[in-house]
Each structure stands twice: as C-alpha cells, then as structure tokens.
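Single-letter residue listing:
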Amino acid sequence: MTSPNKTSSNTIRCPSCEEYKRTTKQSKDRFYNCPATAVVLPFSGHPAIRRNKSCVIWTGLHSFRNDPFGVRNIGTRMTEEIPLIPKVNALEVRTGNIVNWNRLKRKPNINPTEELSECITATVQKFLAASDKTELQYVTHIDCLDNDLHEPLQEEERGELKVTIKVFLCSKLPPQVIHESVEKVMEDLKVSFVETVLLSISMFNTEEEITVEQLKPYWKVLEKMVQEEKVLSIGVSDLDKTKLAELYEWAKVKPSTDQVNLASCCVMPKELTEYAKLVDVQLLTHNDPTELLPASKLQEAIRMCSTEPDSVGWVGQWVARYSVLVKCRGIIKSKGYVLSASRDLHQRA
C-alpha cells in the first residue's frame, strides 16, 4: 500500500499531488486538508482514508514509522472514486453573464464548444461546493445557477436593449422544448419578451442534411410564441436557398434571419443572397460547429468538477445561448448559456 511520505512529526506529503500538508491538533481531533480537493476531514481515534479526484486524503496520521493505528493493515488503496451525484439523471446549467468573466478573458481565441465547456465546469463546480454532500447522494435533478454572475435586466433600461437567443437542439426532442428553453432564459433575465429567437437543429442530425420537415414542428412552437408576443421575430441557421424558400413559403410567421456558417463557404452563396434580398430575410454569419456540445465534451466538463463515475452517460438535450445588445452603442452587455442534459444511470453499471 502506498503511504504518504513523512517529513516531520506533523507534516506529510500526499502521494498523488506531491504537495506537503500540515496536520494540527484541535482538542482530541486532527484535521488534514488537501487544497487539490478542498475537502477537510476530521479524525477521532482512527485514520480516515478517502479518495476524491486525483488525491488520496489521509487523516489522523500521528506517525507512519510505528504504524500505531494499523494503517498498513487497513486494506489496499482505494481504486474507485466515490460519486458525488450518484442518482442525478437530469442537469440544468445557467451560467449567468460571462461577458466580464476573467476565466474566459484569458483565452481570447476560445471556440464556442470550449467556451461552453468552461462554463459548465465552473458553474457545476460552484454548485457542488455550496451543496450538502449528503443530500447530493439522493437527489435526481440538479439546477446549477451561478449566483455571482446572475444579472437580471433592469426594467428601466429594457427599451435600450435587444435580446437574442439561439437554441441548439442536441437530439430529436418534443417540440415543446423550444418553449421551455426560451422561457428559462426569459426567467433568468427577468424579461417578458425577447426580440429574436434563432433555431439550430443541425446537432441532432450530423450525418445527414437537415430538412424543412424536421424543422416544422419546432417552428410552429416559435410561431405560437410570436402570437403570444413573447418573441418579436424568429430565424433559422444553416439553411441554403432551396430550404429557406421552402420554409418561407410554408411558414405563417416568416423567418426574419438566416445564419450562415462561413466555415463551409468563404463567400455567401449568390443565389442565397439574391433570394434573401427578394423576401427581406437578413443573412448573418456564425462560427458555431455542427455539434456545439458533443457528449464527450459534456462528460469531460462534468468530470473536471466531480468524479469519473459522475461524468459517465451524460448527453446534451438543448443549449440556449443568449446575448443582450445595447442598441445605441452596438456592444454586448450580457451573454450566457442555459442548457439541459440527461443521462441513463444504467450505463454506469
């Protein structure tokens, strides 16, 4: 069994992180704190051994030389991490405003997937750190909101702002998830309507081209939200001229915008620009990948702030990215993500 290296009567070195820690006496108890895991464990008469992330935390170690507590006979080193959220199968993440987040400012060339992954890790990490660890063993759904970055819009400045939401569907879901995703952003921002909602369904059909037939059920939900005056205009992403024309002819509420990914073409297609001009559809560009949140990236983001077992099986449901533009100045006042994910717990077995 691997043992921490003893350097003095009250200092030991963690065998995993290789940093020296110091134990101190408080009444009859000893405490040993490993900053790599931010866990403090008490000791009352027997060594406590716990594994969390990459560090093994040892407590109550008076001396390894004589092994007075029988540490060497306690068994082999734990090889499996104890999950923090073993029963959770539904996850919501609400990042708050990330515009002035220093963690992202240090990475100016970060791509959308990396940005979202960073946000997931940081938001879930804060939630887990502030939660009761015993309660987490039994909950099945967690809603992670970064309260430090949560910035509802002020009512008196609402007229000066434009709110745009882009909804990414990660898989084929009931159309009502469009309404759910938009409502959750509106709830976070404390607004009764948004100016624009853009829809992207390219993520749930990466092997084949998307069709207008796949788009129609979700478009009907957006049309209803326009009728309810919760959304002023609606748009799409990555439709060529033929598909845009098909949607335009069918829709009751016409698309106001079509976002085009210039990664697939250096110049806006001529036939698309001509048609968009004819029917008054605004063409915009974007750099979002076909899969904004692959399952592997989501699982990695969760693993970075929890344990390996906690990360297994997670897949994204939908992602809503919002931005708040100051109209008169053309600058982004606020930007954030709201996302929903789920997992099949049987995959972990």
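Scroll up for the structure.
Nothing here was measured: the structure is a model prediction, and the numbers come from that model. (Residues numbered from 1 in each chain as written. Predicted model: local features only at pLDDT ≥ 70, side-chain atom pairs only at ≥ 80, totals over all residues. Heavy atoms only, no water.)

Asks: Honestly, the environment of Val 260 in this entry has me stumped. Any pointers?
Replies: Mapped onto the elements of the fold, Val 260 is located in strand β14 (residues 257-261). Each C-alpha atom of the pair Val 260 and Asp 238 lies 5.0 Å from the other, and the pair is 22 residues apart in sequence. (Helix = DSSP H or I, 4+ residues; strand = E, 2+ residues; numbered from the N terminus.)

Asks: I'm lost on the packing of aromatic side chains in this one. Help?
Replies: The description of two aromatic rings rests on the distance between their centres and on the angle between their planes. Per the counting criterion, the structure on display carries one aromatic pair. Centroid distance Tyr 248 to Tyr 275: 6.5 Å. Interplanar angle 90°. Geometry classified as edge-to-face. Residue Tyr 248 is located in helix α6 (residues 241-250), and its partner Tyr 275 is located in helix α7 (residues 270-279); the two are separated by 27 residues in the primary sequence. What makes Tyr 248 buried here is its relative accessible area of 17%. (Phe/Tyr/Trp six-rings, centres within 6.5 Å; stacked < 30°, edge-to-face > 60°. Buried < 20%, exposed > 50% of the residue type's maximum accessible area, 1.4 Å probe, protein only.)

Asks: Please clarify how the side chain of Thr 121 should be interpreted in this entry.
Replies: Mapped onto the fold, Thr 121 is located in helix α2 (residues 112-130). Residue Thr 121 is classed as buried on the basis of its relative accessible area of 8%. When neighbours within four sequence positions are excluded, Thr 121 is seen to be in contact with Arg 103, Ala 301, Met 304 and Cys 305. (Contact = heavy atoms within 4.5 Å.)

Asks: I would appreciate a short explanation of the pattern of salt bridges in the present structure.
Replies: Following the criterion strictly, the structure yields 13 salt bridges and no others. Across the salt bridge formed by Lys 333 and Glu 157, the nearest N and O atoms sit 3.7 Å from each other. Pair noted here: Lys 333 is in strand β17 (residues 331-343) and Glu 157 is in the loop between β10 (141-145) and β11 (161-169), with a separation of 176 residues, a long-range link. A salt bridge links Lys 166 to Asp 288, with the shortest nitrogen-to-oxygen separation between them at 2.9 Å. With Lys 166 in strand β11 and Asp 288 in the loop between β15 (282-286) and α8 (295-303), this pair connects stretches of sequence that are 122 residues apart. If you follow the salt bridges from partner to partner, you end up with Arg 94, Asp 143 and Asp 188 in one network. (Salt bridge = Lys/Arg side-chain N within 4 Å of Asp/Glu carboxyl O.)

Asks: How do you make sense of the sheet that holds β10 when you look at a structure like this?
Replies: Whenever strands of a sheet pair, they do so through backbone hydrogen bonds, lying parallel or antiparallel. The strand order across the open sheet formed by nine strands is β10-β9-β17-β16-β11-β12-β13-β14-β15, and the pairing between neighbours is mixed. Unpaired on one side and paired on the other, β10 and β15 mark the two borders of the sheet. Shown here is a sheet whose adjacent strand axes are inclined to one another by a mean of 20°, direction ignored. In terms of strand pairing, β11 meets strand β12 (residues 194-200) through five bridges, oriented parallel. Its bridge partner lying in β12, Val 167 is registered against Leu 199. Across the sheet, helix α4 (residues 176-189) touches β9 (90-94), β10, β11, β12, β13 (231-237), β16 (314-326) and β17, and the angle it forms with β16 is around 45°. Contacts from helix α5 (residues 212-227) reach β11, β12 and β13, with the element oriented near 160° to β13. (Pairing = 2+ DSSP bridges. Axes fitted to C-alpha atoms, helices over the stretch in contact; angles between N-to-C directions.)

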